[in-house]
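Below, each chain spelled out in residue letters.
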Amino acid sequence: MHAMREAMAAVRRAPLLTALSAAMVALALYVVGLFAVVTFNLHEALSRVEERVQVVAYMRDDARDAEIDLAREDLMEMEEVESIHHVSKDEALRVAREDLPEFEDLFAAMEVNPLPASLEIGLAPGFRTPDVTARIADRLSIYPFIEDVRYGEEWVDRLHLLQRIGALATTILGGAFAVVAALIIGTAIRIAIFARREEIHVMRLVGATNGFIRRPFLLEGALTGLMGGILASVLVFVSHALVSRAVFRLDWIPWEWVLLGIASGAFFGVLASAFAVRRYLREV
Amino acid sequence: MIKLTEVTKDYSRRGRALDGVSLHVRKGEFVFLTGHSGSGKSTTLRLIHMADRPTSGEVRVCGFSSELTSDREIWKLRRKVGCVFQDFRLLPGRTARENVEFALEVTGSSRTEILPRANRLLAQVGLSAKGGAFVEELSGGEQQRVAIARALVNDPPVLLADEPTGNLDERASRGILELFRELNASGMAILMATHDLEMIRAYPKIRTLELSEGRLVFDSAAAPAPAGRSGG
């Protein structure tokens, strides 16, 4: 109760200082927030590309339905395989005509359909990697009715590399940003507490318990962090909306991330306060 | 009440501040602690309210030993030892009453008793009329009275005063000393560090201890007469 009153009184007595610390916290978390938006969108984009990873098995014209069905059953039992789409010769031709309208004359003049039927094998999430696609391709080429197997080896490799670079960059940069943000929050809180070291000294002198002295500062640190976190969320949201409208569409990060960001602001606020107060508690 | 036994205090930068000091202040006693600046007066007071710990030897105050009292328990000692300083150490931007109320609040007085107790303490130091004044608006003597009122919030049996009149003119100084004598008369032990020899001479009945270069060189209670003292 006293802690709450004192924390509020501190904000009231030095509104500029509190606002300044909250603004510093907000700025630090804002950078982290922007990074989160960029990371999230990159990850989403890569996932969308990844969903298109598939293995296509072209079948001989004399393949019998019975052997195809058997192979399908076989393949569906593999945990790596998510879906199998059977593309008939007619469908292949239809798709080709749609995709390549400039060759319409050529298609119309053809007496037989030269395109093979195929099986398009979609892979389950987590298995859309170069290893798995190669393994599935090998497995498919065993079937005698399969003439050729394609899976875009090069771009699957490249996508995989891109994903790994992305994950690494996220970890390193995100970690660095988080550390910088924590340091800035710590500094902001320390400045706020430095301004009130006299109060801490007086409290120590007249015999207030350490816990009693600490509590309002911890609460104040939490409030500063919380305000900074909320402010940062608003700033990131506005930035995201502006970029989305003016430049290109961006997905908004999950709300759990936003809450996590605000909570970490409060957490670092408390932590920084605890460290800063401890120093002054030792002085008198 | 206060007992120092063979107390030595070394600081990493300044070197030895106290060197084998033993002294004893009894319950309800009024003692001047004098000496040149740097003689160890402030160090002695800091050791007594345990803002510092002795390098060797023991400090015992109101049943708390420097060897046994942990940092976490210092607050218990602080409620038995009031402290005032030359620079008052009041919280700026607050009124005299708010400064006293702050001390009452942080030592756990209930909301309902804070205001009447603050008013009573201000009356005790003769500042009834100035409770609503900001500390910046008060004279030095008045500020020191607020600091004394604040030091009394826990009704301590011991009052430590480190050059309490150092920033005050003679008249204000006399006023503070008279206030101390009243508090002493009601049973409070007072240990007052001062280098104001005029004041010490003005109160010859008050016991005087003198420090020089970290050693206790004079105790008026032990010496037959103050004639042989080295003045300063």
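The coordinates are above.
Residues numbered from 1 in each chain as written. Chains lettered and ligands numbered in written order. Predicted model: local features only at pLDDT ≥ 70, side-chain atom pairs only at ≥ 80, totals over all residues. Heavy atoms only, no water.

Asker: Just to check I follow, could you spell out the overall build of chain A for this structure?
Answerer: A count of helices and strands for chain A gives 10 helices and four strands. Counted from the first residue to the last, chain A has its helices and strands arranged as α-α-β-α-β-α-α-β-α-β-α-α-α-α. Over its C-alpha atoms chain A spans a radius of gyration of 31 Å, topping by over 25% the 19 Å that the globule rule assigns to 284 residues. Each of the 284 residues in chain A was classed as buried or not, and the buried ones make up 41%. Within chain A, counting contacts between residues at least 6 apart in sequence, those at least 24 apart form 83% of the total. Accessible area of chain A: about 16200 Å², with a carbon and sulfur share of 64%. One way to put it: in chain A the 28 positive side-chain charges average out to a point 21 Å from where the 37 negative ones average out. (Helix = DSSP H or I, 4+ residues; strand = E, 2+ residues; numbered from the N terminus. Rg over C-alpha atoms; globule rule 2.2 N^0.38 Å. Buried < 20%, exposed > 50% of the residue type's maximum accessible area, 1.4 Å probe, protein only. Contact = heavy atoms within 4.5 Å. Areas by Shrake-Rupley, 256 points an atom, 1.4 Å probe, with all protein chains shown as cover. Lys, Arg positive; Asp, Glu negative; His and termini not counted. Charge placed at Lys NZ, Arg CZ, Asp CG, Glu CD.)

Asker: What am I meant to see in the interface of chain B and chain A here?
Answerer: Think of interface size as the accessible area that goes away when the parts come together; that is how it is often given. With 21 residues of chain B at the interface, the matching set in chain A holds 18 residues. Across the chain B/chain A interface, buried area totals approximately 1800 Å², and carbon plus sulfur atoms make up 59% of it. Of all residues in chain B, the largest losses of buried area upon contact with chain A belong to R78, F102 and V106 of chain B, amounting jointly to 29% of the total for that side. Linking chain B with chain A are one salt bridge. Where R94 of chain B meets E199 of chain A, a salt bridge forms, and the shortest distance between an N and an O atom there is 3.1 Å. The interface formed by chain B and chain A includes four residue pairs in polar contact (both at pLDDT 80 or more). Taken together, the elements giving at least two residues each to the side of chain B that touches chain A come down to helix 2 (74–78), strand 6 (81–85) and helix 3 (96–106) of chain B. With four residues, the single largest contributor to the side of chain B that touches chain A is helix 3 of chain B. (Buried area = accessible area lost by both parts, 1.4 Å probe. Salt bridge = Lys/Arg side-chain N within 4 Å of Asp/Glu carboxyl O. Polar contact = N/O pair within 3.5 Å; in protein donor to acceptor, adjacent residues only side chain to side chain.)

Asker: Explain the pattern of salt bridges to me, please; I cannot follow it from the model alone.
Answerer: Between side chains of opposite charge, a pair can form when the charged atoms approach closely. By the definition in use, this model includes 30 salt bridges over all chains. One salt bridge in this structure joins R139 of chain A and D74 of chain A, with 3.6 Å as the shortest N-O distance. Here D74 of chain A lies in helix 3 (residues 65–76) and R139 of chain A lies in helix 6 (residues 130–141), a separation of 65 residues in the sequence. R139 of chain A gets classed as partly exposed once you look at its relative accessible area, which sits at 30%. Between D19 of chain B and R215 of chain B there is a salt bridge, with its nearest N and O atoms 3.0 Å apart. Placement of the pair is D19 of chain B in strand 2 (residues 15–25) and R215 of chain B in strand 10 (residues 215–219), with a sequence separation of 196 residues. Residue classification places R215 of chain B among the partly exposed residues on the basis of a relative accessible area of 46%. Members of the salt-bridge network, linked through shared partners, are R196, E199 and E220 of chain A together with R94 of chain B.

Asker: Teacher, can you tell me more about empty space enclosed by the protein here?
Answerer: Gaps left between atoms show up when a probe the size of a water molecule is rolled over them. All told, the structure shown has one cavity of 30 Å³ or more when counted by the stated rule. The space that makes up the largest cavity amounts to roughly 70 Å³. Every residue lining the largest cavity is listed: L205 and V206 of chain A together with R78, V81, G82, C83, A147, R150, A151, V153 and N154 of chain B. Counting residues per element, the ones that place at least two in the lining of the largest cavity are helix 8 (197–206) of chain A together with strand 6 and helix 5 (140–151) of chain B. Looking at side-chain class alone, the lining of the largest cavity contains seven nonpolar, two polar and two charged residues. (1 Å grid on protein atoms, 1.4 Å probe; cavity = no way out; pocket = protein on both sides within 12 Å on 5 of 7 lines; lining within 4 Å. Points joined across faces, edges and corners; volume = space filled by probe spheres on them. Nonpolar A, V, L, I, M, F, W, Y, C, P; charged D, E, K, R; others polar.)

Asker: Teacher, can you tell me more about the sheet that holds strand 2 of chain B here?
Answerer: Think of a sheet as strands paired side by side through backbone hydrogen bonds, with each pair either parallel or antiparallel. Residue and element names in this part refer to chain B. As summarised here, the arrangement of the four strands in space is 2-1-4-5, forming an open sheet in which the pairing is antiparallel. Only two strands of the sheet have a single neighbouring strand rather than two, namely strand 2 and strand 5 (64–65). Note that strand 1 (residues 2–11) and strand 2 share seven bridges and pair antiparallel. Bridging across to strand 2, Y11 finds its partner in G15. Each of strand 1, strand 2 and strand 4 (56–61) touches helix 1 (residues 41–48); the most contacted strand, strand 1, lies at about 115° to it. (Pairing = 2+ DSSP bridges. Axes fitted to C-alpha atoms, helices over the stretch in contact; angles between N-to-C directions.)

Asker: Quick question: what am I supposed to make of the pairing of strand 3 (residues 118–123) of chain A here?
Answerer: Residues and elements named next belong to chain A. Of all six residues that make up strand 3, five are buried, and the element is covered over most of its length. Summarising the sheet, strand 1 (residues 54–59) and strand 3 pair through five bridges and their orientation is antiparallel. The partner of V56 across the bridge, within strand 3, is E120. Relative to strand 3, strand 2 (residues 81–87) runs antiparallel, the two being bridged by six bridges. By the bridge assignment for strand 3, V81 is matched with L123.

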